[in-house]
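Chain and residue survey
Each chain is listed here by its residues.
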Amino acid sequence: MATATVPSVERENYLNKHYGVESWLLTTDHKRIALLYLISITFFFFIGGFFALLIRLELLTPASDLVQADTYNKLFTMHGQVMVFFFLIPSIPAVLGNFLIPLMIGAKDLAFPRVNLLSWYLYIIGGIMMVHCMLTGGVDTGWTFYTPFSTAFSNTKVIEAGLAIFVAGFSSILTGLNFVVTIHRMRAPGLTWSRLPLFVWAHYATSIIQILGTPVVAITLVLVVAERSLHLGIFDPKLGGDPLLFQHLFWFYSHPAVYIMILPSMGVVTEIIACFSRKRIFGYSFVALSSIAIAVFGFLVWAHHMFVAGISVYAALIFSLLSYSVAVPSAVKVFNWTATLYKGSIRYDAPMLYAFGFLGLFTMGGLTGLFLAALGVDVHVTDTYFVIAHFHYIMVGGALMGYLGGMHFWWPKISGKLYPEGWARLAALIVFIGFNLTFFPQFILGYLGMPRRYADYSHMPEFQILNVFSTAGSTVLGVGYLLPMIYFLWSMRYGKPAPDNPWNAAGLEWKTPSPPTTYNFEEEPVVTWEAYNYDEIDKGHKEEVHVVG
Amino acid sequence: MSNHSKSSPLTSYFAVWGALLLGTFLTYEAALIDLGRFNAAVALTIATTKALLVALFFMHLKGASEKLLKLVVASTIFFLILLLALSMFDYGTRSFS
Amino acid sequence: MFDNFPLWPQRASSMAGNVDALFIFLLIVSGLMTLLIFTAIIYFAARYRYRKGVPAEQIEGSIPLELSWSLIPLGVFMVIFAWGAVVYFKGRTPPRDSTEVYVVAKQWMWKLEHAEGQREINELHVPVGRDVKLIMTSQDVIHSFFVPAFRMKQDVLPGRYTVAWFHATKPGTYHLFCAEYCGTQHSGMIGSIVVMEPAQYEAWMSGGTGGPLSATGEKIFAELGCVTCHRSDTQGRGPNLQGVFGKPVQLEDGRMLTADENYVRESILDPGAKVVKGFKPVMPTFQGLVSEEQLNALVAYVKSQSQPGAGVAKANAAVTAPEGAPGKGNQVQ
Amino acid sequence: MSDSQAAVPHHDGLHNPALLHHFATEEQQRDSASFGMWIFLATEVMFFGGLFCAYLIYRRWYFGDFAAASKSINAALGATNTAVLICSSLTVVLAIWAAQTARRGLMILMLVLTMLFGVAFLGIKGIEYKDKFEEHHVPGVSFSFDHQQIPGHPDQYANPQHAQIFFALYFIMTGLHALHMVVGLGIFTWLLWMAWKGRFTPHYHTPLEIGGLYWHFVDIVWIYLFPLLYLIDRHP
Ligand code: HEA
Ligand code: HEA
Ligand code: CUA
Ligand SMILES: [Cu+2]
């Protein structure tokens with residue numbers, strides 16, 4: 001059972017076992033690799049956020065006065081590419097998943113530690129290529145690389161950006177591969193599938209998408225690069241090709257990819273909700289299977305991004321219909337989370353606040369997804385700010401909230417230090433308010449008809465007031481994101497040492513010391529209990545000390 | 001995966017090898033006959049048979065101790081067909097209205 | 001005040017009401033759902049907040065509940081889907097006898113050409129109360145023709161025609177946007193749709209120049225030497241084009257298809273792709289020899305050869321003209 | 001589904017130096033490796049899948065042009081290459097069999113043969129590419145495919161642009177396949193080295209098995225590429 005002993009500072013752990021740059025850059029310890037990822041994705045998040053702020057500043061006034069149109073186009077393109085491929089897709093899997101999956105299943109490491117390190121290096125190589133691309137002029141195709149603009153018209157660094165994402169894609173594939181093998185082969189004795197934490201289930205589902213989807217976008221980018229350099233005609237209507245083929249191939253990956261972004265976050269939120277309402281998750285097996293269902297159905301709906309692109313009317317019907325199939329398992333999740341709260345014993349620590357934020361914003365983002373999947377409405381709102389608002393609600397309001405919640409929840413385990421709870425709650429509140437202020441007006445803008453990717457709206461001054469709200473909100477949001485960054489760093493030096501299990505949470509990861517030792521477990525754990533056995537934990541801890549807060 | 005080799009698997013290996021060579025020959029010959037729309041069907045049927053032979057015997061999918069590997073193969077094929085079928089559906093129905 | 005701060009777009013076409021109705025339905029359904037979920041969360045969070053000595057009550061789950069909260073939403077989703085599909089179908093099917101406007105998009109402008117011959121740039125004048133069909137193509141990259149007040153949008157692709165239509169209901173001037181990112185001046189590729197009372201419109205029309213587009217087409221038809229093969233009798237090397245448009249065509253390889261705009265377009269640019277039964281593939285390609293505008297004129301001319309009253313074609317046969325034709329890239333939605 | 005709970009300690013108690021620290025048993029390690037390889041192959045299938053998708057669509061659109069272009073490549077060489085690859089697959093399984101039955105010499109011979117077949121394949125491929133290059137069938141500025149008749153339509157010439165799409169797909173697909181062969185040769189060089197040093201025993205030869213999986217997969221890809229690219233509409 002969990003103990004609340006406060007560790008002596010000198011205890012050997014994965015952080016202090018070795019010192020020196022080399023011990024980090026050549027490590028095969030999944031926990032250290034997770035930290036390498038943490039640092040690198042944070043870097044990219046701030047770059048992407050910086051671009052976002054510039055976008056918002058430009059849109060403060062109708063005219064394109066802060067930056068020229070071509071710069072603006074590069075800004076949103078690289079904002080999208082950085083945020084999607086270099087921040088959100090790797091975020092939770094490569095940081096929290098990497099750190100926690102072996103701990104949660106009682107393994108000493110992932111199945112292929114060296115492959116794990118390789119995937120970080122691939123990510124870094126891709127990242128360096130992306131940064132180099134940005135510094136030498138950038139790219140202006142939109143994150144979607146639509147042909148024939150990207151292959152025959154843009155005169156920016158399309159090839160370099162494409163290759164950067166190609167390389168980073170393999171990092172993502174290898175992460176998924178490693179997780180699937182690990183989850184199948186490395187579970188501790190007694191840890192059956194039905195006892196797995198739902199976080200692990202969510203990552204399993206995510207990995208399926210990474211394995212089967214990412215290669216398709218990889219080959220598509222190869223074709224774009226080839227087409228652009230050699231003019232083969234595969235995507236170029238002038239040479240007999242079909243630009244819609246590109247869109248099919250791109251979205252075959254990029255729609256499922258949105259579930260790469262949201263599923264891990266759903267896993268995080270599940271853990272948090274269970275812990276802070278001291279309950280077993282309502283409908284465990286439904287929540288588990290809905291992750292798989294989302295991953296599988298996610299592959300059936302891609303052409304809902306192409307309703308007005310010139311696909312056949314019948315294909316549009318089918319894809320609209322199928323789009324609703326993903327919404328069902330998503331609904332199942334939302335309802336089960338809500339039901340878990342019922343008769344719980346709920347605390348409002350910072351991770352839980354983020355989880356609440358996730359619940360609300362994901363629901364709104366998901367429901368507006370239903371608007372977009374409805375053919376008649378999509379015709380009007382596609383390629384407007386309605387779409388922008390939809391996906392920021394899910395990706396920023398949902399996935400990113402979940403990521404932050406997870407970072408707070410497991411920070412004591414990762415760093416061995418407690419973060420300042422008061423500041424954390426304040427940050428959660430600021431993020432929530434700033435977020436809604438930024439993105440809610442965009443729904444209205446979208447329905448009014450403001451097209452996305454517009455550097456200049458001086459002929460439509462009626463759009464300005466809503467844009468001012470949005471820009472104001474984004475600065476609030478920026479503050480909200482800077483805060484955790486500051487106090488996490490602060491806590492590494494000045495934070496109180498964390499006990500092994502500060503939240504009295506269920507799950508094998510909390511049975512390791514904080515921070516864990518290099519091989520995680522002294523001896524192989526044997527699992528004899530169900531997941532989320534909070535009743536047993538709380539019985540054993542009548543006199544529980546709630547250290548945080 | 002291994003350890004099933006009580007009796008020597010050599011015969012099956014050579015048999016499969018022979019079948020694969022035969023298949024190659026057949027594909028080639030069939031392509032020279034005009035079967036109308038069936039040319040492609042025949043070629044793909046032979047190719048799929050050959051691929052199955054390689055997977056089942058050379059890659060030991062047949063003797064695989066668990067269903068897991070078969071599941072991996074089946075679901076991969078499923079998603080591949082999904083990609084092909086759903087995009088072909090668009091191309092195939094663009095003309096009707 | 002609401003001039004500068006509108007919360008709902010203008011409604012100026014026959015489709016706008018349909019789209020708005022569905023949108024409002026969605027707002028209500030998802031508003032109720034949001035309300036339900038948020039209320040539940042807030043209520044539970046407050047009611048069951050941590051109290052010393054009050055443990056959480058463990059509940060395993062409930063199959064009836066799981067079923068009802070997957071099946072009931074599924075039912076709602078199907079309603080949304082069906083409704084959305086109906087609206088979409090309506091928006092995709094141009095009524096017969098619409099006024100036709102040819103649209104050529106290019107970086108970064110809209111070139112519009114009325115079948116009657118008027119040409120405009122970034123501005124389109126249309127009469128109120130008439131169905132207008134847009135036959136659109138792009139000279140370079142993908143653009144998208146978007147008129148928020150009409151709730152109408154359609155991507156404009158290079159290399160083929162896409163079709164859209166609207167029926168304006170209110171005179172006024174409305175935004176025309178390019179909604180598909182198309183390069184540096186994407187946000188400058190805007191214009192306006194001027195909807196006029198019929199009388200005004202006639203006046204505007206008569207101020208125009210040139211003859212109808214089909215007349216221009218006829219001229220080009222002669223200049224490029226099409227007439228040498230496509231004669232109005234059966235002696236030419238190519239088929240007689242009278243009455244071809246909108247009718248089924250039998251191809252050499254046995255396929256049947258209907259001659260629509262995309263088919264005519266392809267016949268000119270890539271004649272070998274679909275050879276008419278009984279003819280030799282001798283027609284040369286005109287790819288690179290005709291501009292998009294000339295192509296539109298030719299299409300309009302071939303079309304005019306099948307209009308009621310045009311030439312020898314049996315006038316009433318054209319009424320059965322269905323939309324679209326089999327084969328690749330022939331979609332006309 | 002597998003379950004890893006069956007963590008039975010190894011019977012003979014000998015610690016195999018190849019057992020990595022984070023695995024409990026050799027069996028677990030071997031199963032992980034082969035499972036990992038299968039999953040990797042799944043990603044490879046999807047990787048080629050995108051190309052097959054493009055191929056399928058354009059083949060339907062431009063069947064005649066594709067047939068004409070396909071006819072211009074040397075099917076006899078393609079068939080030979082198929083046979084070569086099939087033989088190499090046989091030598092791979094024989095190498096594994098030799099390892100299982102402790103026949104080190106045979107194993108090394110089979111590995112060498114596999115690599116020879118692989119090199120032969122690439123050589124033949126090279127001849128094909130050279131022919132195409134000389135005929136100006138390589139997509140790009142010097143591409144030309146004028147006055148090539150469409151099979152079955154003697155009076156009709158293929159549209160060079162559409163033929164170029166075929167050749168683009170041909171070169172990308174076979175090129176990627178050849179790249180996989182090169183990687184395969186790299187892997188087999190390493191396997192040969194390990195075999196030479198006597199690292200493979202009847203008890204431990206996982207690298208050989210997963211290297212073999214990879215090789216067979218590359219073979220399977222070719223089994224499809226051959227009819228799809230070389231034999232579209234060959235009959236006289
Ligand atoms: C993490 C990211 C993420 C997620 C999870 C989703 C989830 C969904 N998305 Fe979204 N989407 C994006 C990211 C995401 N999307 C992005 C980035 C784009 C734009 C890309 C670009 O063009 O740049 C986009 C665009 C996009 C489009 C294309 C818009 C356009 O360009 O025209 C569509 C259309 O169908 C769509 C639909 C959906 C649907 C139906 C879901 C569903 O999965 C949502 C399911 C969830 C719910 C439905 C909520 C919970 C359910 C209930 C509470 C049930 C009760 C409800 C009722 C009974 C009504 N999305
Ligand atoms: C994970 C994905 C993700 C995330 C997190 C975000 C986060 C944000 N995004 Fe974006 N966004 C996309 C994915 C994402 N976005 C995508 C895919 C597109 C489409 C691109 C395309 O069309 O091709 C898009 C497009 C997009 C647009 C539309 C542009 C257009 O179409 O013209 C806008 C406009 O408001 C916007 C705003 C924002 C804002 C305000 C945030 C905020 O949440 C950001 C908040 C973060 C910060 C503010 C950082 C805090 C840092 C500081 C304060 C430090 C300052 C900097 C330095 C010291 C260097 N995003
Ligand atoms: Cu044209 Cu955007
Ligand atoms: Cu989508």
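Just so it is clear, the model here is predicted, and its values are computed rather than measured.

**Overview of the overall build of chain A**
- Helix and strand counts for chain A stand at 16 helices and 0 strands.
- Compactness check: chain A gives a C-alpha radius of gyration of 23 Å against a globular reference of 24 Å for 549 residues, within 12% of the reference.
- Oriented by its inertia axes, the alpha-carbon framework of chain A measures out at about 70 × 45 × 45 Å.
- Taking all 549 residues of chain A together, 74% fall into the buried category.
- The long-range fraction of contacts in chain A, counting pairs at least 24 apart against all pairs at least 6 apart in sequence, stands at 83%.
- Entry remark: accessible area of chain A is about 15,200 Å², with carbon and sulfur atoms responsible for 70%.
- Across chain A, the 30 positively charged side chains and the 31 negatively charged ones have centroids separated by 6 Å.

**A few points about the coordination of the iron atom of ligand 1**
Residue and element names in this part refer to chain A.
- Protein coordination of the iron atom of ligand 1 rests on one atom only, H390 (NE2), at 2.2 Å.
- A separation of 4.3 Å is found between the iron atom of ligand 1 and the copper ion (ligand 4).
- Along the polypeptide, H390 turns up in helix 13 (residues 385–415).

**Comments concerning the domain arrangement of chain C**
Residue and element names in this part refer to chain C.
- Partitioning chain C into structural domains gives domain 1 (1–49 + 57–210) and domain 2 (213–318).
- With centres defined by C-alpha atoms, the gap from domain 1 to domain 2 works out at 33 Å.
- Between domain 1 and domain 2, the contact holds 17 residues from the first and 12 residues from the second.
- When residues of domain 1 are sorted by the area they lose upon contact with domain 2, Y102, E113 and Y161 head the list and together hold 47% of the total.
- Here domain 1 and domain 2 share 3 salt bridges between them.
- Between K303 and E100 there is a salt bridge, and its shortest N-O distance comes to 2.6 Å.
- If you look at where domain 1 meets domain 2, you find 8 residue pairs in polar contact (both at pLDDT 80 or more).
- Elements with a contribution of two residues or more to the side of domain 1 that touches domain 2: strand 1 (99–106), strand 2 (109–114) and strand 5 (131–138).
- The element that contributes the greatest number of residues to the side of domain 1 that touches domain 2 is strand 5, accounting for 4 residues.

**Regarding the interface of chain D and chain C**
- Tallying the contact residues gives 7 residues for chain D and 8 residues for chain C.
- In this assembly, chain D packs against chain C so that about 590 Å² is buried in total across both faces, 55% of it on carbon and sulfur atoms.
- For the pair chain D and chain C, the interface holds 0 salt bridges.
- Between chain D and chain C we count 2 residue pairs in polar contact (both at pLDDT 80 or more) in total.
- Contributing elements (two or more residues each) for the side of chain D that touches chain C: strand 2 (153–157) and helix 5 (160–196) of chain D.

**Examining the nonpolar core**
- Counting residues in hydrophobic clusters, the biggest one holds 384 residues, and the most contacted among them are I234 of chain A together with L134, F145 and F150 of chain C.
- Residues within four places of F150 of chain C in sequence aside, it is in contact with A12, S13, M15, A16, F166, A168, Y174, I193 and V195 of chain C.
- With 27 residues, the next largest nonpolar core counts I220, V249, L251 and V264 of chain C among its residues.

**Considerations on the coordination of the copper ion (ligand 4)**
- Those donors, H255 of chain A (ND1), H304 of chain A (NE2) and H305 of chain A (NE2), are the protein atoms that reach the copper ion (ligand 4), and they lie 1.8 to 2.1 Å from it.
- Within one chain, the residues serving as donors to the copper ion (ligand 4) are arranged as H-x48-H-H.

**Points about the pattern of salt bridges**
- The final tally for this structure, using the stated rule, is 24 salt bridges over all chains.
- Residues joined by salt bridges that share partners form a network here, namely E100, K133, E261 and K303 of chain C.

**Looking at the sheet that holds strand 5 of chain C**
Residues and elements named next belong to chain C.
- Here we have 5 strands laid out as an open sheet, ordered 3-2-1-5-8, and mixed in their pairing. Strand pairing shows two members of the sheet lacking a second neighbour, strand 3 (119–121) and strand 8 (162–167), which therefore form its edges. Neighbouring strand axes in the sheet, compared pairwise and without regard to direction, differ in orientation by 25° on average.
- Sheet topology note: the strand 1/strand 5 ladder contains 7 bridges and is parallel. Of the residues in strand 5, the one forming a bridge with V104 is T137.

**Looking at the confidence of the model for chain A**
- Within chain A, residue pLDDT values average 93, and 96% of them lie at 70 or more.
- Note that residues 542–549 of chain A has pLDDT below 50 and, in this model, 15 contacts with residues that lie over four places away or in other chains.

**Details of the site of ligand 1**
Residue and element names in this part refer to chain A.
- Neighbouring residues of ligand 1: 34 residues in total, closest Y259, D378, T382, H390 and R452.
- Contact between ligand 1 and D378: an oxygen atom at 2.6 Å from a side-chain N or O atom of the residue.
- With 8 residues, the single largest contributor to the shell around ligand 1 is helix 11 (residues 350–373).
- Of the residues assigned to the shell around ligand 1, the class counts are 24 nonpolar, 8 polar and 2 charged.

**As for the sheet that holds strand 4 (residues 123–127) of chain C**
Residue and element names in this part refer to chain C.
- As summarised here, the arrangement of the 5 strands in space is 4-10-9-6-7, forming an open sheet in which the pairing is mixed. Each edge of the open sheet is held by one strand with a lone partner, namely strand 4 and strand 7 (152–156). Averaged over all neighbouring strand pairs, the angle between strand axes comes to 20°, with direction disregarded.
- Here 5 bridges tie strand 9 (residues 172–178) to strand 10 (residues 191–196), and the two strands are oriented antiparallel to one another. Counted as the bridge partner of Y174 is I193 from strand 10.

**Let's talk about the interface of chain A and chain C**
- Counting residues at the interface gives 94 residues for chain A and 85 residues for chain C.
- Summed over both partners, the interface of chain A with chain C comes to about 7,700 Å²; 70% of that surface belongs to carbon and sulfur atoms.
- Linking chain A with chain C are 2 salt bridges, by the criterion used here.
- Among the ionic pairs, E57 of chain C bridges to K343 of chain A, the shortest N-O distance being 3.8 Å.
- Inspection of the region where chain A meets chain C yields 27 residue pairs in polar contact (both at pLDDT 80 or more).
- In terms of residue count, helix 10 (residues 313–341) of chain A provides more of the side of chain A that touches chain C than any other element does, 16 residues in total.

**Some points on the site of ligand 2**
Residues and elements named next belong to chain A.
- Near ligand 2 there are 34 residues, and of these R56, Y72, H79, H392 and R453 occur at the shortest range.
- With respect to ligand 2, the side chain of H392 contributes an N or O atom lying 2.8 Å from a nitrogen atom.
- Put simply, the parts of the chain that give the shell around ligand 2 at least two residues each are helix 2 (30–58), helix 3 (69–104), helix 13, helix 14 (421–448) and helix 15 (464–494).

**Topic: the packing of aromatic side chains**
Residues and elements named next belong to chain A.
- Taken as a whole and assessed by the stated rule, the structure comprises 93 aromatic pairs over all chains.
- Between F85 and W143 the ring centres are 5.8 Å apart and the planes differ by 55°, which places this aromatic pair in the tilted class. Within this pair, whereas F85 is found in helix 3, its partner W143 is found in the loop between helix 4 (113–135) and helix 5 (149–153), the two being separated by 58 residues in sequence. In this structure, F85 and W143 share a single accessibility class: buried.
- Their ring planes at 75° and their centres at 5.2 Å tell us that F252 and W302 sit as a pair that is edge-to-face. With F252 in helix 8 (residues 243–276) and W302 in the loop between helix 9 (284–297) and helix 10, this residue pair connects regions lying 50 residues apart in the sequence.

**Overview of the environment of P451 of chain A**
- By the secondary structure assignment, P451 of chain A is in the loop between helix 14 and helix 15.
- Between the C-alpha atoms of P451 of chain A and V258 of chain A, which are 193 residues apart in sequence, the distance is 22 Å.

**Details of helix 9 of chain A**
All names here are of chain A.
- Counted at 1.5 Å a residue, the expected span for helix 9 with its 14 residues is 20 Å, and the 20 Å between its end C-alpha atoms agrees.
- For helix 9, the full list of buried residues reads Y284, V287, A288, S290, S291, I292, I294 and A295.
- At its buried positions, helix 9 is contacted by helix 7 (198–230), helix 8 and helix 10.

**So, the packing of helix 8 of chain A against helix 9 of chain A**
All names here are of chain A.
- Contact geometry for helix 8 and helix 9: axes closest at 11 Å, N-to-C directions at 175°. Considered as vectors, helix 8 and helix 9 are oriented roughly antiparallel to each other. For the pair formed by helix 8 and helix 9, the contact residues are Y259, L263, M266 and T270 on the first element and V287, S291, I294 and A295 on the second.
- Of the residues in the contact of helix 8 with helix 9, the class split is 6 nonpolar, 2 polar and no charged.

**Overview of the environment of S12 of chain B**
Residues and elements named next belong to chain B.
- Within the secondary structure, S12 sits in helix 1 (residues 10–32).
- Residue S12 is classed as partly exposed on the basis of its relative accessible area of 27%.
- A sequence separation of 80 residues divides S12 from G92, and the C-alpha atoms of the two residues are 43 Å apart.

**Focus on the environment of G236 of chain C**
All names here are of chain C.
- Within the fold, G236 resides in the loop between helix 5 (226–229) and strand 11 (248–250).
- For the pair G236 and D97, spaced 139 residues apart in sequence, the C-alpha separation works out to 31 Å.
- Excluding residues within four positions of it along the chain, G236 makes contact with C229 and R231.

Analysis parameters
- Residues numbered from 1 in each chain as written.
- Chains lettered and ligands numbered in written order.
- Predicted model: local features only at pLDDT ≥ 70, side-chain atom pairs only at ≥ 80, totals over all residues.
- Heavy atoms only, no water.
- Helix = DSSP H or I, 4+ residues; strand = E, 2+ residues; numbered from the N terminus.
- Rg over C-alpha atoms; globule rule 2.2 N^0.38 Å.
- Buried < 20%, exposed > 50% of the residue type's maximum accessible area, 1.4 Å probe, protein only.
- Contact = heavy atoms within 4.5 Å.
- Areas by Shrake-Rupley, 256 points an atom, 1.4 Å probe, with all protein chains shown as cover.
- Lys, Arg positive; Asp, Glu negative; His and termini not counted.
- Charge placed at Lys NZ, Arg CZ, Asp CG, Glu CD.
- Donors = N, O, S within 2.8 Å, 3.2 Å for Na, K, Ca; no water.
- Domains from an automatic or database assignment.
- Buried area = accessible area lost by both parts, 1.4 Å probe.
- Salt bridge = Lys/Arg side-chain N within 4 Å of Asp/Glu carboxyl O.
- Polar contact = N/O pair within 3.5 Å; in protein donor to acceptor, adjacent residues only side chain to side chain.
- Core = buried A, V, L, I, M, F, W, Y, C linked by side-chain atoms within 4.5 Å.
- Pairing = 2+ DSSP bridges.
- Axes fitted to C-alpha atoms, helices over the stretch in contact; angles between N-to-C directions.
- pLDDT = per-residue confidence, 0-100.
- Near = heavy atom within 4 Å.
- Nonpolar A, V, L, I, M, F, W, Y, C, P; charged D, E, K, R; others polar.
- Phe/Tyr/Trp six-rings, centres within 6.5 Å; stacked < 30°, edge-to-face > 60°.
- Expected span 1.5 Å × (residues − 1).
- Parallel < 35°, antiparallel > 145°, perpendicular 65-115°, else oblique.

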